[in-house]
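Examination of the molecular architecture
Spelled out, the chains give:
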Amino acid sequence: MAADVVVFTGGPILTLDGPAPTYAEAVVVEGGLIGFVGEADEARRRFPGAAIRDLHGHALLPGFVDAHSHLLGGIDLVQQVNVAGAPMGPCRDIGDVVAALARHRDEAAVPAGQWIVGWGYDPDTLAERRPITRLDLDDAFPAHPVLLHHVSWHGAVLNGVGLARAGIGAGTPTPAGGVIARLPGSDEPSGLLMEAAMLPALAALPRPDLDERLARLDAVQRMYAAQGYTHAQDGLTGTDDLRLLQRAAREGRLFLDVVALASFAETDAWLGSPDFPIGGYDGHFRIAGMKALADGSPQGRTAYLTEPYLTEGPGGQHAWRGEPIVPADQLAALVARVLSAGVQVFVHANGDAAVDDVLAAVRGAGVSAADDRRTVMIHSQVQRPDQLEDYVRLGICPSYFSNHCFFWGDVHRTNLGPERAEGISPLRSAAAAGLRVSNHCDFPVTPLDPFHQLWTAMARTTRSGLVLGPHERIDGYAALQALTSGAAYQVFEEDRKGRIAPGLLADLVVLSADPLAAGVDAIRDVTVLETIKEGVTVHTA
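Below is a summary of the structure that appears in this document.

Parameters and conventions
Residues numbered from 1 in each chain as written. Predicted model: local features only at pLDDT ≥ 70, side-chain atom pairs only at ≥ 80, totals over all residues. Heavy atoms only, no water. Helix = DSSP H or I, 4+ residues; strand = E, 2+ residues; numbered from the N terminus. Rg over C-alpha atoms; globule rule 2.2 N^0.38 Å. Buried < 20%, exposed > 50% of the residue type's maximum accessible area, 1.4 Å probe, protein only. Contact = heavy atoms within 4.5 Å. Areas by Shrake-Rupley, 256 points an atom, 1.4 Å probe, with all protein chains shown as cover. Lys, Arg positive; Asp, Glu negative; His and termini not counted. Charge placed at Lys NZ, Arg CZ, Asp CG, Glu CD. Axes fitted to C-alpha atoms, helices over the stretch in contact; angles between N-to-C directions. Parallel < 35°, antiparallel > 145°, perpendicular 65-115°, else oblique. Left-handed = near helix turned anticlockwise from the far one by under 90°. Nonpolar A, V, L, I, M, F, W, Y, C, P; charged D, E, K, R; others polar. Pairing = 2+ DSSP bridges. Core = buried A, V, L, I, M, F, W, Y, C linked by side-chain atoms within 4.5 Å. Polar contact = N/O pair within 3.5 Å; in protein donor to acceptor, adjacent residues only side chain to side chain.

Attention shifts here to the overall build of the protein chain. Each helix and strand counted, the protein chain has 19 helices and 22 strands in total. Rg of the C-alpha trace for the protein chain: 23 Å, near the compact-globule value of 24 Å for 541 residues, within the 12% margin. The dimensions of the protein chain, computed from C-alpha atoms along their principal axes, are 80 × 55 × 50 Å. With 541 residues in all, the protein chain has 59% of them scored as buried. In the protein chain, the proportion of contacts linking residues at least 24 apart, taken out of those at least 6 apart, comes to 71%. If you sum the accessible surface of the protein chain, you get close to 19800 Å²; carbon and sulfur atoms cover 52% of it. A distance of 1 Å separates the average location of the 42 positive side-chain charges in the protein chain from that of its 65 negative side-chain charges.

Structure, rendered in structure tokens:
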């Protein structure tokens, strides 16, 4: 649907414009922008020739703003095998994983010597409750290199052929900031590689050529649009992928707004380069700033903590606290350099020790809340309550990940103990401190489904049915703000999107029901009926 002027009316219109829920009778879309919000009679009077769009009782909200995911990760999933556990995938045990990989090998007629790659591998969902090793894979795949992406995307499991292809063997030293798990009583790799140790394996994987990746980009955008997103993020983008997205924008291939976070590993290549301008949109694409990695993941036990895990590290380490990916002094120098260039900083930090490193880096750069730099702390899962005060003083914006409560809440209780686990994604405490928060899915780590995100933020229920930190549950309106206005604020786009208000982009989503009326028990039953980007429908159910 596209029309010069359209009046939407006939259903609940939740504007997300303000600290409390506000509804309007009508919204007028004109030239891709919101021209009016108010009473239906006034809309008809002021726009007499407008087309009338009857919502038939369905709800209209601002389009969802993806606070953090990996858009381009969806491109690679097309040729990979889903080996995740429920509800993301079909695998209940190690046999299911091996069978799924073998089925793909046979159905796709994968030639000997070519990679077979699975995604979503999560040992905590398997009946055996143990990690897969090369011993589980070698007999079934003697002629194919195999790689299983850990669900955190901070590790991988390889078979023997895959390890050899990556050049990793008994004599390979464990790199700083990485983990090479070994078979018991041996220096032989077990197959599990975490963080820096998995980089040679990733480098060995084949990559589709540019034209093929561009062709797949349309389908990936449609995945986002089907979930109500009008704005998507690629949360760690190397220079090759920045060029890919720039080309897609030039060729008119982007129909959603796509924001990229340029990789810290290639800062020298893009910072200050005229080839990679920072800030403004060009054909639905912009580079928002730099993304750095301070540590790993709590479910993978590579988040960097001040107090040890209650369980062994992924390589069998005792009294394990995880490790920083970037040493504190190097992180501080990097953050200071990028902030001094006027570029926004986004840092992946899960553990409280990693959070301390980021806070020290921002403090050392001489930045405070008064400077309005909006440094974004991505995930911020195992932060301490006292760190919120520094977030406020330094102007740190936390982007939380409430899906962890469901997917790994029980795992966190085992690894961290109840007290630390209950503080995961402290959305309520952060909002009470006056922080502008967002909530994200980190796709492909968890599904794009925004209603699952809303539910996990409101319910905080684990797989086993426990409520993880009931004091951090938030209401439906706050949960929606974290997917709309809060997420827009964190990337300096609060005056363009995230609310239904005059002058903003007509980025809208039509839902089967008002999420606030549905309540926590039925929020996951709400569906997206239509997604509208700047007045043009980009998805219909």
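Now that the structure is up, let's keep going.
Turning to the packing of helix H11 (residues 352–364) against helix H12 (residues 387–394), a few remarks are in order. Each pair of packed helices can be summarised by the angle the axes make with each other and by the distance between the axes. Two elements in contact, H11 and H12, have axes separated by 11 Å at closest approach and are oriented at 25 degrees. If you check the angle between H11 and H12, you find them roughly parallel. In this structure, H11 meets H12 at a crossing whose hand is left-handed. Packed against H11, whose contacting residues are Asp-352, Val-355, Asp-356, Leu-359, Val-362 and Arg-363, the element H12 presents Gln-387, Asp-390, Tyr-391 and Leu-394 at the interface. Among the residues making up the contact of H11 with H12, the classes are represented as 5 nonpolar, 1 polar and 4 charged.

Of all 10 residues that make up strand E1 (residues 5–14), 8 are buried, and the element is covered over most of its length. With 7 bridges connecting them, E1 and strand E2 (residues 23–30) associate as antiparallel partners. Pairing of Val-5 across the sheet is with Glu-30, part of E2. Summarising the sheet, E1 and strand E4 (residues 51–54) pair through 4 bridges and their orientation is parallel. Residue pairing across strands places Val-7 opposite Ile-52, the latter belonging to E4.

Their axes nearest at 8 Å, the elements helix H10 (residues 328–340) and H11 cross at an angle of 45 degrees. If you check the angle between H10 and H11, you find them oblique. As for how H10 packs across H11, the hand of that crossing is right-handed. On H11, the residues touching Ala-328, Leu-331, Ala-332 and Val-335 of H10 are Asp-357, Val-358, Ala-361 and Val-362. Class assignment for the residues of the contact of H10 with H11 results in 7 nonpolar, no polar and 1 charged.

Strand order in this open sheet of 8 strands is E6-E13-E14-E15-E16-E17-E18-E19, and the pairing throughout is parallel. The open sheet has two edge strands, strand E6 (64–65) and strand E19 (438–439), and neither has a second partner. Along the sheet face, helix H8 (residues 239–250) touches strand E13 (229–237), strand E14 (257–263) and strand E15 (285–293) and points at about 165 degrees away from the line of E15.

With that out of the way, let us pick up the nonpolar core. In terms of nonpolar packing, the biggest core is built from 96 residues, with Leu-71, Leu-217, Tyr-224, Leu-245, Phe-285 and Leu-511 touching the most fellow members. Among the elements that take part in this core, H11 stands out by supplying 7 residues, more than any other. Once residues lying within four places of it in the same chain are set aside, the contact partners of Leu-511 are His-58, Ala-59, Leu-61, Phe-64, Phe-451, Val-526, Thr-527, Val-528 and Leu-529. Judged by nonpolar contacts, the second largest core, of 30 residues, contains Val-83, Val-97, Leu-148 and Trp-320.

Let us now look at the pairing of E2. Summarising the sheet, E2 and strand E3 (residues 33–38) pair through 5 bridges and their orientation is antiparallel. Directly across from Val-28, in E3, lies its bridge partner Phe-36. What sits between E2 and E3 in their antiparallel hairpin is a turn of 2 residues, with Gly-31 showing a positive phi close to 60 degrees.

Secondary-structure assignment places Gln-490 in helix H18 (residues 485–490). Here the side chain of Gln-490 touches Arg-436 through a polar contact of 3.0 Å, landing on its backbone oxygen. In contact with Gln-490, other than residues within four places in its own chain, are Gln-344, Arg-374, Val-376, Cys-397, Pro-398, Ser-399, Arg-436, Val-437 and Ser-438.

Strand order in the open sheet formed by 6 strands is E7-E8-E9-E10-E12-E11, and the pairing between neighbours is mixed. The open sheet terminates on both sides in strands that have one partner only, identified here as strand E7 (81–82) and strand E11 (178–182). Summarising the sheet, strand E9 (residues 146–150) and strand E10 (residues 155–158) pair through 3 bridges and their orientation is antiparallel. Following the sheet pairing, His-149 is matched in E10 by Ala-156.

This paragraph deals with the environment of Ile-378. Inspection of the secondary structure assignment puts Ile-378 in strand E17 (residues 376–382). Each C-alpha atom, one on Ile-378 and one on Pro-123, is 24 Å from the other, the two residues being 255 residues apart in sequence. If sequence neighbours within four positions are ignored, Ile-378 has contacts with His-68, Leu-261, Lys-291, Phe-346, Val-347, His-348, Ala-349, Ser-399 and His-440.

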